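Working through the structure, step by step
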Amino acid sequence: MSPTEVRSSTRPARTGLIPLLAVGVAIAALLAAGLVGGPAAGLVVVRVVTESAAVLTIGSLLLAAFLVPPQESGTLAADGYAALRTAAWTSLVWTAGAVLSVPYTVADALGQPLSALLDPSVLFEVADVVEQSRAWMVTAVIVVLLALGCRLVLSWGWTTVLFFVSVFALVPVAVTGHSSGGGSHDVATNSLLYHLVAAALWVGGLIALLAHGRRRGAHLGLAASRFSAIALVCWIVMAVSGVVNAYVRLPLDRLFSSEYGLLVLGKTAALLALGVFGYLQRAKGVKQVVATGSGRALVRLAGVEVLLMLATIGLAAALSRTPPPTEGRSLPSPVELRIGYDLAGEPTLYRILFDWRFDLVYGTAFLAAAVVYLLGARRLRKRGDAWPVGRTVAWVLGCLTVVFATSSGLGRYSPAMFSVHMQAHMLLAMLAPILLVLGAPVTMALRALPVAGRGNPPGPREWVLALVHSPVAKALTNPFVALAFFVGSFYGLYFSGLYDVALDHHWAHLAMNAHFLVAGYVFYWPVIGVDPAPNKLPPLGKLGLLFASIPFHAFFGVVLMSAQYVIGSDFYRKLSLPWVPSLLEDQRLGGGIAWAAGELPLRVVMVALLAQWARSDSRDAKRADRKADADGGADLAAYNEMLRRMAGKGGSVAVAEPKAQTGTESGNAGPGAAKPEPGAGGAGGPGEG
């Protein structure tokens, strides 16, 4: 089907959901405005509309990318294109809401009427001072690009990119609300990120699924089954993250006596009700949809669920506008205010090993990655397939290295001391990626996940293959790009001023850690990765790429050790840690750590390369033996014939003989005979002069 045919045949049908959504959004807006009241009512109404448009956009892109299959050519099918067009319209509403949120947020922060900010020059001058208004401006830019992309793309690959961009657009506002300030803001922000993403996938995905059912789209049973699994995970994530967020923001004795606590209770009740509806949907509606392909059973239950979800959005908007109670809480110390928690004292070996503060983002993600990998290995073992124990050990150790670097005492002290930060940086960029690529996660996924089968909709296994062969993967694993990305990050982060800006923001620490892991992984993947890389390097190329990075890494450490200025000096001076009398000496210690840290990964990589080359030679020899067994030594016979022709021209040439085997005569290729090296031969063979 051509793009023109897709465009003409996939006009979004009237789904009958528009009145339901309009009523739900109106209820949510009235509920939020009634709970907040006063001048802030306009702000929460705009926020309800904006967040409703956001979840609709994310849900539509989720449907187009993962719930319904594309055509075999990779172009979106009619159902995916219809969802993409819906996302194009809702993203425009999301953009308008983000733009309107800027003056409303500034007016609310300054206690001024909205009319006082109608002058654009005044508005932008003041908006740059208020952190959350800056976040709304960033969101508006991201969503404008998202809306443009929804109008231009037709391929499944780019639709998945747009889906992840839409999820990322939730981050700027999430990391600048009440959870980002005060004590324990690291835990509060991390839990809120989980909560918002899970809510958007659940609410938006359900609405998109209903729209797909009302359009009588194809593969409705498949879409409902896939969404059911997503919804269950989202509900669990929302429940756990909501409890964690409320615990760190709200004293238990103020749960029933504060406005914030009552809103938390109301949102909790709504979440429990949604869980009940979700269970009924999975127990009855989804089974009927999968069995019959009809969406009526799903619509009967999901209509009420959608209204309840939108009402929950209204409660969440009111909750975001209401600050948590501060009575009974001591004022946070300068250290707690800046990094989210206090430090017990100097980072001794005992504290590094045992003074843990679990990182909800990286700790949870990599513990889950280790469990999923072990379940995959168990599936292969039950199926009778062999899986090397060394790969499993490498993957688990890689995951535990990330957990240790982010959640142990190392992760606890990392935001406060440059030398400790550099230790965590080296673990995340140098050691963990080596172990992770040696675990061969792509090969594991391709062997453990079921094949969709010819003519069936693609599933997770096909998605993994598409990711490996994507233009992004090919670009990142290009040797020159991987080298520049890996070693350039050392210089670009610390010597450009980015690190100074990032120190004061928890979300920037999360982004730095992600960058270290990704840069290290795409560098070591083509060098020692067991998985087939998009850009395959010869052995000498691998060794050359590895040794090319060493001088840059060593020079980076030397520059840090010899620097006469302190990177991030303003932030570290405000912490005033008594056990760091000299920031410059601490930085030089970090430079020494960076300089020396390359030795251990280099040894690991060299051992891995030598082991891989040895196995490769062994495989080549076995392959040659099997070929000789299959063709009766045809290569050896051809080689001897060539020698006879050379001898016939007047030379005395030794003829190669096969390796003697038990029960075979010299000159006959027995089982396991391999092609000899040129020049090898024995005396007395035929053809001697």
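Residues numbered from 1 in each chain as written. Predicted model: local features only at pLDDT ≥ 70, side-chain atom pairs only at ≥ 80, totals over all residues. Heavy atoms only, no water.

Turning to the overall build of the protein, a few remarks are in order. Along its length, the protein carries 29 helices and zero strands. Out of the 689 residues in the protein, the part that is buried amounts to 49%. Contacts in the protein between residues far apart in sequence, at least 24 positions, make up 77% of those at least 6 positions apart. Roughly 32,600 Å² of accessible area belongs to the protein as shown, and the carbon and sulfur atoms make up 67% of that amount. (Helix = DSSP H or I, 4+ residues; strand = E, 2+ residues; numbered from the N terminus. Buried < 20%, exposed > 50% of the residue type's maximum accessible area, 1.4 Å probe, protein only. Contact = heavy atoms within 4.5 Å. Areas by Shrake-Rupley, 256 points an atom, 1.4 Å probe, with all protein chains shown as cover.)

Let us look at the pattern of salt bridges. Per the counting criterion, the structure on display carries six salt bridges. The salt bridge partner of D385 is R383, with a shortest N-O separation of 2.8 Å. A relative accessible area of 45% places R383 in the partly exposed class. (Salt bridge = Lys/Arg side-chain N within 4 Å of Asp/Glu carboxyl O.)

We now examine helix α18 (residues 418-438). It helps to recall that an α-helix has 3.6 residues per turn; residues three or four apart then point in one direction. Here α18 contains 21 residues, and its C-alpha end-to-end distance of 30 Å stays within 8% of the 30 Å for a straight helix at 1.5 Å per residue. In α18, a bend of some 35° at A432 exceeds every other bend along the element, and P433, a proline, comes one to four places later. Along α18, 20 of the 21 residues are buried, which leaves the element largely enclosed by surrounding structure. A440, located one to two residues past α18, shows a positive phi value of around 55°. (Expected span 1.5 Å × (residues − 1). Bend = angle between axes of the 7 residues up to and from the residue.)

Let's shift gears to the packing of helix α24 (residues 506-528) against helix α25 (residues 539-562). Two elements in contact, α24 and α25, have axes separated by 8 Å at closest approach and are oriented at 145°. Remark: the crossing between α24 and α25 carries left-handed chirality. Taken together, the residues of α25 that come into contact with α24 (itself represented by F523, Y524, P526 and V527) are K542, L545, L546 and S549. Residues that form the contact of α24 with α25 fall into these classes: six nonpolar, one polar and one charged. (Axes fitted to C-alpha atoms, helices over the stretch in contact; angles between N-to-C directions. Left-handed = near helix turned anticlockwise from the far one by under 90°. Nonpolar A, V, L, I, M, F, W, Y, C, P; charged D, E, K, R; others polar.)

The next subject is the packing of α25 against helix α27 (residues 583-596). Contact geometry for α25 and α27: axes closest at 7 Å, N-to-C directions at 165°. Taken as axis vectors, α25 and α27 run roughly antiparallel relative to one another. As α25 runs across α27, the sense of the crossing is left-handed. Residue-level inspection shows H553, A554, F556, G557, V558, L560 and M561 of α25 in contact with α27, the latter providing Q587, R588, G591, G592, A594 and W595. (Parallel < 35°, antiparallel > 145°, perpendicular 65-115°, else oblique.)

On average, the protein scores 80 in pLDDT, and the residues at 70 or more come to 77%. At the low end of the mean pLDDT range in the protein sits helix α1 (residues 3-9), at 42; at the high end sits helix α16 (residues 389-407), at 95. Contacts for the low-pLDDT stretch residues 1-15, under 50 throughout, to residues beyond four places or in other chains number 19 contacts. Taken as a whole, residues 659-689 scores under 50 in pLDDT and shows 40 contacts with residues more than four places along the chain or in a different chain. (pLDDT = per-residue confidence, 0-100.)

Its identity is not glycine, yet A440 carries a phi of approximately 55°, on the positive side. Looking at the element boundaries, A440 is found in the loop between α18 and α19 (441-448). Phi is positive for S576, which is not a glycine, with a value near 50°.

What follows covers the environment of A270. With respect to the helices, strands and loops of the structure, A270 is situated in helix α11 (residues 259-292). With a relative accessible area of 9%, A270 lands in the buried category. In this structure the C-alpha to C-alpha distance between A270 and L315, which are 45 residues apart in sequence, comes to 9.2 Å. In this structure, A270 is in contact with L308 and T312, ignoring residues within four places of it in sequence.

What follows covers the packing of aromatic side chains. Describing an aromatic ring pair means giving the distance of the ring centres and the angle of the ring planes. Enumeration according to the criterion identifies 23 aromatic pairs in this entry. Residues F418 and Y494 carry aromatic rings whose centres are separated by 5.9 Å and whose planes lie at 80° to one another, so their mutual orientation is edge-to-face. Here F418, found in helix α18, pairs with Y494, found in helix α22 (residues 479-494); they are 76 residues apart in sequence, far enough to count as distant. For Y494, a relative accessible area of 2% corresponds to the buried category. Through a chain of ring-to-ring contacts, the aromatic side chains of F418, F486, F490, Y491, Y494, F495, Y499, F523, Y524 and F556 assemble into a single cluster. Lying over the aromatic face of W89, R151 brings its terminal NZ or CZ to 4.4 Å of the ring centre. The side chain of R391 reaches across the aromatic face of W387, ending 4.8 Å from its centre. (Phe/Tyr/Trp six-rings, centres within 6.5 Å; stacked < 30°, edge-to-face > 60°. Lys NZ or Arg CZ within 6 Å of the ring centre and 35° of its normal.)

Turning next to a nonpolar patch on the surface. A cluster of nonpolar side chains, contributed by F358, L367, V389, V393, L397 and L400, occupies part of the molecular surface with about 510 Å² of accessible area. With four residues, the top contributor of residues to the nonpolar patch is α16. Residue position: V389 is located in helix α16. What makes V389 exposed here is its relative accessible area of 61%. (Patch = residues over 30% accessible without salt bridge, like charges linked within 9 Å, V, L, I, M, F, W, Y side chains within 5 Å.)

The next subject is the nonpolar core. Core analysis: the biggest nonpolar cluster contains 85 residues, and Y494, Y499, Y524 and I528 have the highest contact counts within it. The leading source of residues in this core is α18, at 16 residues. (Core = buried A, V, L, I, M, F, W, Y, C linked by side-chain atoms within 4.5 Å.)

Below, the discussion takes up the environment of S414. Mapped onto the secondary structure, S414 falls in the loop between α17 (409-413) and α18. In this structure S414 comes out as buried when scored by relative accessible area, which is 11%. Once you skip the residues sitting within four places of it in the chain, S414 turns out to touch V420, H421 and A424.

On the secondary structure map, S191 appears in helix α9 (residues 185-214). Using a relative accessible area of 1% as the deciding quantity, one classes S191 as buried. Contact partners of S191, with chain neighbours within four places excluded, come to S241, V244, N245 and L360.

So, about α22. A rise of 1.5 Å per residue sets the reference length of α22, with its 16 residues, at 22 Å; its end C-alpha atoms lie 23 Å apart and thus fit the reference within 8%. The principal kink in α22, of about 45°, is found at G488. Residues A482, L483, F486, V487, S489, F490, L493 and Y494 constitute the buried set of α22. Packed against the buried residues of α22 are α18, α21 (471-476), α23 (498-502), α24 and α25. In this structure N478 caps α22, since a side-chain oxygen of it lies 3.0 Å from the backbone nitrogen of F480. (Polar contact = N/O pair within 3.5 Å; in protein donor to acceptor, adjacent residues only side chain to side chain.)

In this section: the side chain of H506. Structurally, the position occupied by H506 is in helix α24. If near-sequence neighbours (up to four positions away) are discounted, H506 is found in contact with H185, D186, T189 and N190.

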